[in-house]
Amino acid sequence: MSDGLDFEAVRHRLKLLRDAGDERIFENRGDVACPVCGDAFTEALETTRRTCQLSPGPSVDVCIVREPERTIVFTHA
């Protein structure tokens, strides 16, 4: 399961928390599966930036998908 996620296809099951143009954060409200591990993710960060700083909590697992045009970080809390 290493493919990315088409956020527009599952948009009705997510809540857009932030859209900065080159970075979007979604909250999973519909048990959308993480394309890396198959479990439902908590939040997803989609970015086209070359660098990004994250500060997940101490008990947060992270899955990452790197595509040619974007990177997606999925959190599991």
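All values derive from a computational prediction rather than experimental measurement.

Cut-offs and rules
- Residues numbered from 1 in each chain as written.
- Predicted model: local features only at pLDDT ≥ 70, side-chain atom pairs only at ≥ 80, totals over all residues.
- Heavy atoms only, no water.
- Helix = DSSP H or I, 4+ residues; strand = E, 2+ residues; numbered from the N terminus.
- Rg over C-alpha atoms; globule rule 2.2 N^0.38 Å.
- Buried < 20%, exposed > 50% of the residue type's maximum accessible area, 1.4 Å probe, protein only.
- Contact = heavy atoms within 4.5 Å.
- Lys, Arg positive; Asp, Glu negative; His and termini not counted.
- Charge placed at Lys NZ, Arg CZ, Asp CG, Glu CD.
- Pairing = 2+ DSSP bridges.
- Axes fitted to C-alpha atoms, helices over the stretch in contact; angles between N-to-C directions.
- Salt bridge = Lys/Arg side-chain N within 4 Å of Asp/Glu carboxyl O.

1. A few points about the overall build of the chain
Broken down by element type, the chain carries zero helices and five strands. Written out in order from the N terminus, the α and β elements of the chain read β-β-β-β-β. Taken over C-alpha atoms, the radius of gyration comes to 12 Å for the chain, in line with the 11 Å a tight globule of 77 residues would show. C-alpha atoms of the chain, sized along the principal axes, occupy 30 × 30 × 25 Å. Burial status across the chain gives 34% buried among its 77 residues. Contacts in the chain between residues far apart in sequence, at least 24 positions, make up 45% of those at least 6 positions apart. The average position of the 10 basic charges and that of the 14 acidic charges among the side chains of the chain differ by 5 Å.

2. Some details on the environment of Cys-52
For Cys-52, the position within the fold is in the loop between strand S3 (43-47) and strand S4 (61-66). Of the residues examined, Cys-52 reaches a relative accessible area of 37% and is grouped as partly exposed. Remark: the alpha-carbon pair of Cys-52 and Leu-5, spanning 47 residues in sequence, is separated by 19 Å. Setting aside its immediate chain neighbours within four residues, Cys-52 contacts Glu-23 and Leu-45.

3. A look at the sheet that holds strand S1 (residues 14-19)
Strand pairing in a sheet takes place through backbone hydrogen bonds and is either antiparallel or parallel in direction. One open sheet accounts for five strands, arranged S1-S2-S3-S5-S4; its pairing is antiparallel. One side of each edge strand has no neighbouring strand; the edge strands of this open sheet are S1 and S4. When the angles between neighbouring strand axes are averaged without regard to direction, this sheet yields 20°. As paired elements, strand S2 (residues 23-28) and S3 share five bridges and run antiparallel to each other. Along S3, the bridge assignment pairs Arg-24 with Glu-46.

4. Considering the pattern of salt bridges
Under the defined criterion, the tally for this structure stands at eight salt bridges. Two residues, Asp-22 and Arg-49, come together in a salt bridge whose shortest N-O distance is 3.2 Å. Taken as a pair, Asp-22 in the loop between S1 and S2 and Arg-49 in the loop between S3 and S4 lie far apart in primary sequence, 27 residues in all. For Asp-22, a relative accessible area of 29% corresponds to the partly exposed category. Since its relative accessible area comes to 38%, Arg-49 is described here as partly exposed. Connected through salt bridges with shared partners, the residues Glu-8, Arg-24, Glu-46, Glu-67 and Arg-70 form a single ionic network.

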